[in-house]
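Listed below are the residues making up each chain.
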Amino acid sequence: MKITVLSGGVGGARFLRGLRHHLREVLPDGSGGTTAEVTAVVNTGDDMWLNSLRIAPDLDSIMYTLAGANDEVRGWGRIGETERVSAELNAYGIGWPWFTLGDLDLGTHITRTHYLRTGVPLSEATARITARWDLGVTLLPVTDDEVETQVVTDEGTMHFQEWWTRHRAALAARRFEQLNVGAATPAPGVLEAIAHADVILVAPSNPVVSIGTILGIPGIRASLLGTSARIVGVSPIIAGSVVRGMADACLTAIGVQTSAEAVALHYGARDSGGLLDAWLVDETDADSAAALSASGIATRAVPLWMRDLDSSAQVAADALSAASLPQGPR
Ligand code: GDP
Ligand code: CA
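Given the structure is predicted, the values throughout are model-derived calculations rather than measurements. (Residues numbered from 1 in each chain as written. Chains lettered and ligands numbered in written order. Predicted model: local features only at pLDDT ≥ 70, side-chain atom pairs only at ≥ 80, totals over all residues. Heavy atoms only, no water.)

Chemist: An account of the overall build of the protein chain is requested, with residue identities and associated values reported.
Modeler: Looking only at helices and strands, the protein chain features 13 helices and 12 strands. Taking 330 residues into account, the globule formula puts the C-alpha radius of gyration at 20 Å, and the protein chain, at 19 Å, falls close to it. Projecting the C-alpha coordinates of the protein chain onto the three principal axes gives extents of approximately 65 × 55 × 40 Å. Burial statistics for the protein chain: of 330 residues in total, 57% are counted as buried. When contacts within the protein chain are restricted to residue pairs at least 6 apart in sequence, long-range pairs at least 24 apart make up 69% of them. Put simply, the protein chain shows about 13,700 Å² of open surface, and 52% of that area lies on carbon and sulfur atoms. Computing the positive centroid from 24 side-chain charges and the negative centroid from 37, the protein chain places the two 1 Å apart. (Helix = DSSP H or I, 4+ residues; strand = E, 2+ residues; numbered from the N terminus. Rg over C-alpha atoms; globule rule 2.2 N^0.38 Å. Buried < 20%, exposed > 50% of the residue type's maximum accessible area, 1.4 Å probe, protein only. Contact = heavy atoms within 4.5 Å. Areas by Shrake-Rupley, 256 points an atom, 1.4 Å probe, with all protein chains shown as cover. Lys, Arg positive; Asp, Glu negative; His and termini not counted. Charge placed at Lys NZ, Arg CZ, Asp CG, Glu CD.)

Chemist: Residues and numbers for the site of ligand 1, please.
Modeler: If you check the shell around ligand 1, you find 20 residues, and the closest are S205, S210, P236, V242 and R244. Between ligand 1 and P204 there is a distance of 2.8 Å, counted from an oxygen atom to a backbone nitrogen or oxygen. Interatomic distance of 2.9 Å between a backbone N/O atom of S235 and a nitrogen atom of ligand 1. When ligand 1 sits alone it has 600 Å² of accessible area, and the protein chains cover 92% of it. Sorting elements by how many residues they give to the shell around ligand 1 places helix α1 (residues 10–26) first, with three residues. (Near = heavy atom within 4 Å. Polar contact = N/O pair within 3.5 Å; in protein donor to acceptor, adjacent residues only side chain to side chain.)

Chemist: Kindly report on the nonpolar core, identifying the contributing residues and their values.
Modeler: Among the nonpolar cores identified, the biggest contains 52 residues, and L6, W163, F176, I220, L224 and W279 are the most heavily contacted of them. Top element by residues in this core is helix α11 (residues 260–267). It accounts for five residues. Apart from residues lying up to four places away in sequence, L6 is in contact with V41, I200, L201, V202, A203, I211, I214, L215 and L224. Residues V42, V234, L304 and V315 belong to the second largest nonpolar core, which totals 45 residues. (Core = buried A, V, L, I, M, F, W, Y, C linked by side-chain atoms within 4.5 Å.)

Chemist: Please provide a residue-by-residue account of the sheet that holds strand β11 (residues 278–281), values included.
Modeler: In spatial order, the strands read β5-β2-β1-β9-β10-β11-β12; together these seven strands make up an open sheet with parallel pairing. Where the open sheet ends on each side, the last strands, each with one partner, are β5 (138–141) and β12 (298–301). Across the sheet, the mean angle separating the axes of adjacent strands is 20° when strand polarity is ignored. Two elements, strand β2 (residues 37–42) and β5, share four bridges in a ladder whose sense is parallel. Counted as the bridge partner of V42 is P141 from β5. The strands that α11 touches are β9 (199–202) and β11; relative to β11, the one it contacts most, it runs at about 165°. (Pairing = 2+ DSSP bridges. Axes fitted to C-alpha atoms, helices over the stretch in contact; angles between N-to-C directions.)

Chemist: Could you give an account of the side chain of N43, with specific residues and numbers?
Modeler: Counting through the fold element by element, N43 comes out in the loop between β2 and β3 (48–50). Taking relative accessible area as the criterion, N43 reaches 0% and is therefore assigned buried. Side-chain polar atoms of N43 contact the side chain of D58, separated by 2.8 Å. Discounting chain neighbours no more than four positions away, the residues touching N43 are S7, G8, D58, V142, V209, S210, T213 and I214.

Chemist: Explain the coordination of the calcium ion (ligand 2) to me, and be specific about the residues and the numbers.
Modeler: Around the calcium ion (ligand 2), the donor atoms from the protein are D46 (OD), D58 (OD) and D58 (OD), and they sit 2.0 to 2.7 Å away. Here the residue D46 occupies a position in the loop between β2 and β3, and D58 occupies one in helix α2 (residues 57–67), the gap between them amounting to 12 residues. Exposure class is identical for D46 and D58. Each is buried. (Donors = N, O, S within 2.8 Å, 3.2 Å for Na, K, Ca; no water.)

Chemist: So what's going on with the packing of aromatic side chains? Residues and values would help.
Modeler: Scanning the model with the defined rule gives eight aromatic pairs in all. Considering the side-chain rings of W96 and W98, the 4.4 Å spacing of their centres and the 20° angle between planes classify their relative orientation as stacked. Look at W98 and you get partly exposed, because its relative accessible area is 21%. Ring geometry for W98 and F99: centres 6.5 Å apart, planes at 85°, overall edge-to-face. Grouping aromatic residues by their ring pairs yields a cluster made of F160, W163, W164 and F176. (Phe/Tyr/Trp six-rings, centres within 6.5 Å; stacked < 30°, edge-to-face > 60°.)

Chemist: Go over the environment of S293 with me, naming the residues and quoting the values.
Modeler: With respect to the element layout, S293 can be found in helix α12 (residues 289–294). Taking the relative accessible area as the measure of exposure, S293 reaches 14% and is therefore buried.

Chemist: Tell me about the side chain of T108, and please be specific about residues and values.
Modeler: Here T108 shows up in helix α4 (residues 103–117). Owing to a relative accessible area of 7%, T108 belongs among the buried residues under this scheme. A polar atom in the side chain of T108 sits 2.7 Å from the side chain of Y64. Discounting residues that sit within four places of it in the chain, T108 has contacts with D60, M63, Y64 and I129.

Chemist: Which residues make up the sheet that holds strand β6 (residues 149–153), and what values do they have?
Modeler: Across the sheet, three strands lie side by side as β7-β6-β8; this open sheet has antiparallel pairing. Because the sheet does not close on itself, it has two edges, and the strands there are β7 (156–159) and β8 (173–178). Across this sheet, the average inter-strand angle for adjacent strands is 25°, counted without regard to direction. In this sheet, β7 lies alongside β6 in antiparallel orientation, the contact comprising four bridges. Paired with T153 across the two strands is G156, which belongs to β7.

See below:
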């Protein structure tokens, strides 16, 4: 079975870890892995150059989480991290003092930058970097091109990371723009992963700056519309709240309510040119299921809190079984 997952960083990483766990239990390959092939198409809109290094936060969040090398308590970065190099950079007055680069994490950024500087595209650099770890999931950046997300605010236009990390999304966002997106193309393997999938899962990731960025790359939407795989989304919103993070600020900026129902309608039903065949909402949002199903998005209510490995695996299992849900009435 070929499974393709559209993913942002932390929410996507938890979902992918649960999916891998579920598949190892139901489709074991006899060596601790799984016979299912999982490919994650990952947002690169948060990427940036900082101190001459290429940072790719969502790719790294997924890699560290699947490698078991992530810091669960802090919620991002490497476990056992130190920040000695960052302290030196601050002392020299370069970089962003509010954006800490851990010492271990810098090893990843230096490796990535080394490859990029020697002409290796991001997708190949990612393949080489992830080969070090036993991830059990293939990570594909959605594009090799630089399509950094800019946030337009009344205080000026800034890189998404500055708005998110420095300002904690507190400046009202007028809109999000991806630099050079019109000229971007999907990275090698991405369109194939969509076209040849048996099922496509949209992770419970930020609908605007993670999934929205992926959908913004020319060619991606058309390939999703055209694939014979069913597309199942998992709501990142539970009971009108974002669970973790500040995605509500992004939804507000694009005029979408912070609710599981509004996000589903924003993605749209595939048979009306949208993204979704099916959608999972949390049990607390069960009320929205009937109306969404009637609008062409087969909706099921199940627990969506990814508290630990088992609950994350159950979310993934429910997403896979929703792939064979009959369509709601039209
Ligand atoms: P980022 O790139 O690190 O911001 O991560 P993503 O874009 O992959 O996902 C962020 C979103 O995941 C958050 O805005 C939440 O809405 C969602 N999320 C986080 N934890 C959970 C969870 O346990 N359950 C669900 N359903 N969504 C979650
Ligand atoms: Ca991100």
